[in-house]
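What the coordinates show
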Amino acid sequence: MEDKIVVPPNWRKTPKDFLAKYQRGETKFEMEQVAAEMQLMALGDVIPLNIKINTYQYEQEIAQFKDDWVDYLPRTDRVNNRQALSVSTYPGWDHSAVPSLPEAKIKTGNEALQETDFSYPTAVWEKCQSLHPVLNLFAPLGRTFLVRCNMGGYFYPHRDHPEFPRNVFRVLVFLKNCEKYQYDFMIDDKRLDIEEGRAYYINTRLTHRTFSFVDDSTHLIMNIPMTIENSLKVLNNLQHTH
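One structure accompanies this document, and this report is about it. (Residues numbered from 1 in each chain as written. Predicted model: local features only at pLDDT ≥ 70, side-chain atom pairs only at ≥ 80, totals over all residues. Heavy atoms only, no water.)

1. Quick look at the overall build of the protein
So the rule is basically this: To qualify as a helix, a DSSP run of H or I must reach at least 4 residues; to qualify as a strand, a run of E must reach at least 2; elements of each kind are numbered from the N terminus. Here the globule rule is a power law, 2.2 Å times the number of residues to the power 0.38, and the radius of gyration is based on C-alpha atoms. Summary of the burial criterion: residues with accessible area below 20% of their type's maximum are buried, those above 50% are exposed, and those between are partly exposed, where the area comes from a 1.4 Å probe applied to protein chains only. In this analysis, two residues are considered to be in contact whenever any of their non-hydrogen atoms come within 4.5 Å of each other. Accessible surface area values rest on a Shrake-Rupley calculation with a 1.4 Å probe, where residue burial reflects the displayed protein chains alone.
From N to C terminus, the protein includes 7 helices and 12 strands. For the protein, the C-alpha radius of gyration of 17 Å lies close to 18 Å, the compact-globule estimate for 242 residues. Its C-alpha atoms give the protein principal-axis dimensions of about 50 × 50 × 35 Å. Here the protein holds 242 residues, and 48% of them are scored as buried. Excluding contacts between residues fewer than 6 apart, the proportion of contacts in the protein whose partners are at least 24 apart in sequence is 81%. Counting only carbon and sulfur atoms, one obtains 51% of the accessible surface of the protein, whose full area is about 12,100 Å².

2. What to know about helix 4 (residues 101–108)
Buried within helix 4 are the following residues: Leu 101, Pro 102, Glu 103, Ala 104 and Lys 105. Buried residues belonging to helix 4 abut strand 2 (70–71). Backbone geometry just downstream of helix 4 places Gly 109 in the positive-phi region, at approximately 70°.

3. Structural notes on the pattern of salt bridges
Rules: Each reported salt bridge corresponds to a side-chain nitrogen of Lys or Arg within 4 Å of a carboxyl oxygen of Asp or Glu.
Counted under the stated rule, the structure contains 14 salt bridges. Where Asp 184 meets Arg 191, a salt bridge forms, and the shortest distance between an N and an O atom there is 2.8 Å. Through salt bridges with shared partners, one network takes in Glu 115, Arg 143, Asp 160 and Arg 170.

4. Topic: the packing of aromatic side chains
Defined as follows: Pairing of aromatic side chains requires ring centres within 6.5 Å, counting the rings of Phe and Tyr and the six-membered ring of Trp. Pairs whose planes differ by under 30 degrees are stacked, by over 60 edge-to-face, and all others tilted. Put simply, a charge is over a ring when the Lys NZ or the Arg CZ is close to the ring centre, within 6 Å, and near the line of the ring normal, within 35 degrees.
All told, the structure shown has 11 aromatic pairs when counted by the stated rule. Where Tyr 90 meets Phe 118, the ring centres are 5.7 Å apart and the plane angle is 55°; that geometry is what we call tilted. Here Phe 118 lies in the loop between helix 4 and strand 4 (120–121) and Tyr 90 lies in the loop between strand 3 (82–89) and helix 4, a separation of 28 residues in the sequence. Tyr 90 gets classed as partly exposed once you look at its relative accessible area, which sits at 25%. Ring centres 6.1 Å apart and planes at 65° place the aromatic pair Phe 174 and Tyr 200 in the edge-to-face group. Highlighted residues: Phe 174 in strand 7 (residues 168–176) and Tyr 200 in strand 10 (residues 198–202), separated in sequence by 26 residues. Judged by its relative accessible area of 0%, Phe 174 falls in the buried class. The exposure class assigned to Tyr 200 is buried, which follows from its relative accessible area of 6%. Above the ring of Trp 93, the side-chain terminus of Lys 107 is found at 4.0 Å from the ring centroid. The positively charged end of Arg 148 is found above the aromatic ring belonging to Trp 69, 4.5 Å away from the centroid.

5. As for the packing of helix 2 (residues 31–43) against helix 7 (residues 228–236)
Short version of the rule: For helices, the fitted line uses only the C-alpha atoms of the stretch in contact; every axis is such a line through C-alpha atoms, and the angle between N-to-C directions lies from 0 to 180 degrees. Working definition: roughly parallel below 35 degrees, roughly antiparallel above 145 degrees, roughly perpendicular at 65 to 115 degrees, and oblique for all remaining angles. Take the far helix as your reference; a near helix turned counterclockwise from it by less than a right angle gives a left-handed crossing, and one turned clockwise gives a right-handed crossing.
The geometry of helix 2 relative to helix 7 is characterised by a closest axis approach of 8 Å and an angle of 15° between their N-to-C directions. Considering the angle they form, helix 2 stands roughly parallel to helix 7. Note on packing geometry: the crossing formed by helix 2 with helix 7 is left-handed. On helix 7, the residues that touch Glu 32, Ala 35, Ala 36, Gln 39, Leu 40 and Leu 43 of helix 2 are Ile 228, Glu 229, Ser 231, Leu 232, Val 234 and Leu 235.

6. With respect to the pairing of strand 8 (residues 183–187)
Note on strand geometry: in a regular strand, side chains alternate between the two faces of the sheet. Where we set the bar: Here a strand pair is declared whenever DSSP counts at least two bridges between the two strands.
Counting buried residues in strand 8 gives 4 out of 5 residues, a clear majority hidden from the surface. As judged from the 5 bridges shared by strand 8 and strand 11 (residues 208–212), these two strands associate in the antiparallel manner. Among the inter-strand pairings, Asp 184 is bridged to a residue of strand 11, identified as Phe 211. Pairing analysis gives 2 bridges linking strand 8 to strand 9 (residues 190–191), with the strands arranged antiparallel.

7. Focus: the environment of Leu 206
Residue placement: Leu 206 occurs in the loop between strand 10 and strand 11. Sequence separation of Leu 206 and Asp 160 is 46 residues, and the distance between their C-alpha atoms is 7.7 Å.

8. Some details on a nonpolar patch on the surface
Applied cut-off: Patch building starts from residues that exceed 30% relative accessible area and form no salt bridge, then joins like charges within 9 Å and nonpolar side chains (Val, Leu, Ile, Met, Phe, Trp, Tyr) within 5 Å.
A cluster of nonpolar side chains, namely Leu 19, Tyr 22, Phe 29, Met 38, Met 41 and Phe 164, defines an oily patch on the protein surface of about 640 Å² accessible area. Of all elements in the fold, only helix 1 (18–23) and helix 2 reach the threshold of two or more residues within the nonpolar patch. Met 41 sits in the partly exposed class, given a relative accessible area of 47%.

Structure (structure tokens):
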């Protein structure tokens, strides 16, 4: 097990300035990404897919990694009861490597790391065949990981990838102890009505937060490259169609 990286409150040396980035000519708009964004926007913000993971099989398979979970984004300024396992990660790392982007930037010293740099499948991907229907559909993936929140574990209100267009979008699967009175996923101040095992496209550019009322509340977070092909895979796999 590698040494734990603890992230200080001021880990980002300078706040993101999107206007300055544009003025420097660093903001690039490729029409394919814009088309992919528009396709997802046409669908909505929380979209159930027709992919349903066998959660019983998942629990049997993930048990072999029970001693490998690592703290997710530990901070010096707050306590948070949550852990993670990497499903796809940085080349040369394994499933117990630092799972969050801030930790990875500190570990590598590379502030330019992006979600799409974490496309290397780990043993969790290989061994958890129950997850293959959703993993293999969108492969190759960006940074993808399992999060396990225990009682009191949370994600504070935040937005992911707020720029337009994004280089990734997110599909989530809620796998265990994520039902009502166990776990809250709030997006745009609305509680998500969760069906365990169901894959969802979720527009995580909207403000969202989570809180676990029980131990071992687990979900899969997939960062999927923003391509027209991947947006159409979402369209091809809607739970509800005409």
